[in-house]
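Architecture and fold: a report
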Amino acid sequence: MIEDARVLRAEFVPHELEHRDGEVTHLSQVLEPVTRGEPAGPAIITGPSGVGKTCVARYTVEQLREQHLDVASQYVNCWQNYSRFRALYRVLEGLGKTVDIHRQSTPHDELLERLRRYDGPPCVVVLDEADQLESADVLYDLHALSSFSLVLIANREADLFAGTDDRLRSRLQGSERIGFDRYGIDQLTSILQARARWGLTEGAVTTDQLRDIADAAAGDARVAISILRSAARRAQRTTAATITDEIVAEAVPAGRSAVHRRTLDTLTPHQRAVYDIVADAGRIDPSTLYRRYREAVDDPKTDRTVRNYLGKMVQYDLLAAEGTSRDRRYRIVEPTAEES
Ligand SMILES: Nc1ncnc2c1ncn2[C@@H]1O[C@H](COP(=O)(O)OP(=O)(O)OP(=O)(O)O)[C@@H](O)[C@H]1O
């Protein structure tokens, strides 16, 4: 059944992208100056979860590097590397410049100095989930260095700019924007068809079944691929030669739950504390939530940061926001809620 499990994993970057030619071309054009040794960008990529922002950025940068030897790149997931130190460290790590840097003790200045001294080929830095950076200092740091060209990925531009001062905002104002929309059913179906072709035995799944999966995924390719993966694994376990309609029906909630679990695992300890408070409360308004959060954790983050966390968790379907901004309430979203 499963011939190549890698292509069904969330982090897999395919050699061919479906339906994003316009976005790939746009980003390639923005980054084109680096092929002449000149600084490019910044580019700001926005859109909801699972619309291909990460894979388009990685794919485009990879293509650029295949065509031009003299381009370096580094990908930083700012959700995992949310502090200034960790984000800068990751950039240096990609350039092989972290020798003698001690993760705990080396001050930012030392990292910045090494970045300043970097004299290799122009480097494209993709800051994914850039709205999760604790402070905008990293954007200042890298934007100020001509060897580094930035590609910033966030769900919404407003979240990226929240908390940045006018100076940085006006600098980034000239960035090229590339907005991504949710996929339609036909588009998701063809993304799934390609995965089935690469990863499953021939005839393992029908086009109608892939359409059902695409429909259930509501425009989110991550969820769609997760459902297909779950279906293929179930079929493999039962030693069925093909994926049956019953297996697809079971795989829909299972695939959604898997994405939900993985997203929960991504939360930082402070984000998790916020999530748990919402879960305990059932429904909760932002000020009560913030008060409880402050009581629950050491060294609490600011109110604005917690609002940013809430926005992110809503984007990722972990939380739902109800009411208007004046009488807002948050509640958790159960992964299989749409099934009922
Ligand atoms: N156009 C596409 N062609 C092929 N595969 C795609 C395409 N778009 C998305 N995918 C696949 O769907 C999954 C989700 O895509 P990706 O991670 O790029 O989305 P995203 O918009 O960055 O979401 P998030 O905000 O959650 O990080 C990945 O496994 C990716 O390989």
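Numbering of residues starts from 1 in every chain and runs along the sequence as written. In keeping with the predicted nature of the model, local features appear solely for residues at pLDDT of at least 70, side-chain atom pairs appear and are counted solely at 80 or more, and the whole-chain, interface and lining totals rest on all residues. Excluded from the side-chain calculations are hydrogens and water; all other atoms, namely the structure's heavy atoms, are used.

In the nomenclature of an unreviewed UniProt entry, the protein corresponds to AAA family ATPase from the organism Halorientalis pallida. Per its UniProt entry, the protein bears the Sequence similarities (unreviewed entry) comment "Belongs to the CDC6/cdc18 family." UniProt positions are given in the numbering used here, feature names are shortened, and annotations may be inferred rather than shown by experiment.

**Concerning the state of the cysteines**
Two cysteine sulfur atoms make up a disulfide if the distance between them is within 2.5 Å. Throughout the structure, instances matching the rule amount to zero disulfides. There is no disulfide at C78, and the cysteine sulfur nearest it, in C123, is 14 Å away. Exposure remark for C78: the relative accessible area of 0% places this residue in the buried category. Only protein chains enter the accessibility calculation, which uses a 1.4 Å probe; a residue is then buried when its area is under 20% of its type maximum, exposed when over 50%, and partly exposed in between. For C123, a relative accessible area of 0% puts it in the buried group.

**Brief notes about the environment of R117**
As for its placement among the helices and strands, R117 is situated in helix α4 (residues 108-117). Assessed through its relative accessible area of 53%, R117 is described here as exposed. Distance from R117 to L145, taken between C-alpha atoms, is 9.9 Å for residues 28 residues apart in sequence. Numbering of helices and strands starts at the N terminus; helices are DSSP runs of H or I of at least 4 residues and strands are runs of E of at least 2.

**What to know about the layout of surface pockets**
Two kinds of site are reported from a 1 Å grid over the protein atoms alone, namely cavities, where a 1.4 Å probe fits but cannot get out, and pockets, open sets with protein on both sides within 12 Å along at least five of seven lines, and residues are called lining when an atom falls within 4 Å of a point. Grid points are joined across faces, edges and corners, and a volume is the space filled by probe spheres set on the points. Taken as a whole, the largest pocket spans an internal volume of roughly 1000 Å³. Lining the largest pocket we find 41 residues, and of these A10, E11, T54, D128 and R222 sit closest to its centre. Mapped onto the lining of the largest pocket, the elements with two or more residues apiece are α2 (53-67), β2 (72-77), β4 (148-154), α8 (185-199), α10 (221-237) and α11 (245-266). Three residue categories are used. Nonpolar comprises Ala, Val, Leu, Ile, Met, Phe, Trp, Tyr, Cys and Pro, charged comprises Asp, Glu, Lys and Arg, and polar comprises the others, including Gly. For the lining of the largest pocket, the class distribution of residues is 18 nonpolar, nine polar and 14 charged. Looking at which domains feed residues into the lining of the largest pocket, each of domain 1 (21-179) and domain 2 (185-264) supplies at least three. Residue ranges assigned to the domains are those given by an automatic or database domain assignment.

**Description of the nonpolar core**
Only buried residues count toward a nonpolar core. Its members are Ala, Val, Leu, Ile, Met, Phe, Trp, Tyr and Cys residues joined through side-chain atoms within 4.5 Å. Residues L115, V125, L127, L142, F148 and L152 are the most contacted members of the largest nonpolar core, which totals 34 residues. Those elements that provide at least two residues to this core are β2, α3 (84-94), α4, β3 (123-128), α5 (137-143), β4, α6 (157-161) and α7 (166-173). The element that contributes the greatest number of residues to this core is α3, accounting for six residues. Ignoring sequence-local partners within four residues, the contact set of V125 consists of Q74, V76, V91, L142, F148, S149, L150 and V151. Counting residues in each nonpolar core, the second largest holds 32 residues, with I191, A221, V223 and I243 among its members. Here a residue-residue contact requires only that any non-hydrogen atoms of the pair lie within 4.5 Å.

**Some words on the site of the ligand**
We call a residue near a given molecule or strand whenever any one of its heavy atoms falls within 4 Å of it. What surrounds the ligand is a group of 23 residues, the closest being A10, E18, G50, T54 and Y183. Backbone polar atom of G50 to an oxygen atom of the ligand: 2.8 Å apart, as the coordinates give it. Working definition of accessibility: Shrake-Rupley area with a 1.4 Å probe, residue cover restricted to the visible protein chains. Coverage of the ligand by the protein chains reaches 95% of its 620 Å² of free accessible surface. What decides whether a molecule sits in a cavity or pocket is whether more than half of its atoms lie within 2 Å of the grid points. Counting atoms within 2 Å of the grid points, the majority share of the ligand lands in the largest pocket. Counting of polar contacts relies on pairs of N or O atoms within 3.5 Å, with two restrictions inside protein: one atom must be capable of donating a hydrogen and the other of accepting it, and residues adjacent in sequence are counted only when both atoms are side-chain atoms.

**Comments concerning the sheet that holds strand β5 (residues 176-179)**
Paired through backbone hydrogen bonds, the strands of a sheet run either parallel or antiparallel to each other. DSSP calls a pair of strands paired once it identifies at least 2 bridges connecting them. Spatially, five strands are ordered β2-β3-β4-β1-β5 in an open sheet, and the strand pairing comes out parallel. The strands lining the two open edges of the sheet, one partner per strand, are β2 and β5. When the angles between neighbouring strand axes are averaged without regard to direction, this sheet yields 15°. Both β3 and β4 contribute to a ladder of five bridges, which runs parallel. Bridging across to β4, V126 finds its partner in V151. Axis geometry follows a simple rule: fit a line to the C-alpha atoms, using only the stretch in contact for helices, then measure angles between N-to-C directions, giving values from 0 to 180 degrees. Contacting β1 (43-46), β3, β4 and β5, helix α1 (residues 21-31) runs over the sheet at an angle of about 165° to β5.

**Here we look at the domain arrangement of the protein**
Looking at the protein, the domain boundaries give domain 1 (21-179), domain 2 (185-264) and domain 3 (267-332). For domain 1 and domain 2, the distance between their C-alpha centres works out to 33 Å. Opposite the four residues of domain 1 that make contact, domain 2 presents five residues. Once two parts are brought into contact, the accessible area they lose, counted with a 1.4 Å probe and summed over both, makes up the buried area. Across the domain 1 to domain 2 interface the summed buried area is about 280 Å²; carbon plus sulfur atoms make up 39%. We define a salt bridge as a contact between a side-chain nitrogen of Lys or Arg and a carboxyl oxygen of Asp or Glu at a distance within 4 Å. Counting the contacts that link domain 1 with domain 2 gives zero salt bridges. Taken together, the connections running from domain 1 to domain 2 amount to two residue pairs in polar contact (both at pLDDT 80 or more). Class assignment for the residues of the side of domain 1 that touches domain 2 results in two nonpolar, two polar and no charged.

**Notes on the side chain of E23**
Residue placement: E23 occurs in helix α1. Among the residues examined, E23 registers a relative accessible area of 16% and is labelled buried.

**Things to note about the packing of aromatic side chains**
Aromatic contacts are taken between Phe, Tyr and Trp rings whose centres are within 6.5 Å, Trp giving its six-membered ring; a plane angle under 30 degrees counts as stacked, one over 60 as edge-to-face, and the others as tilted. Taken as a whole and assessed by the stated rule, the structure comprises five aromatic pairs. Ring geometry for Y118 against F148: centres 5.4 Å apart, planes inclined by 35°, an arrangement best described as tilted. Taken together, the positions of Y118 in the loop between α4 and β3 and F148 in strand β4 put the pair 30 residues apart, joining distant regions of the chain. Exposure class is identical for Y118 and F148. Each is buried. Comment: the charge-over-ring label is applied if NZ (Lys) or CZ (Arg) is within 6 Å of the ring centre and within 35 degrees of the ring normal. Geometry around Y82 places R86 over its ring, the cationic atom sitting 5.5 Å from the centre.

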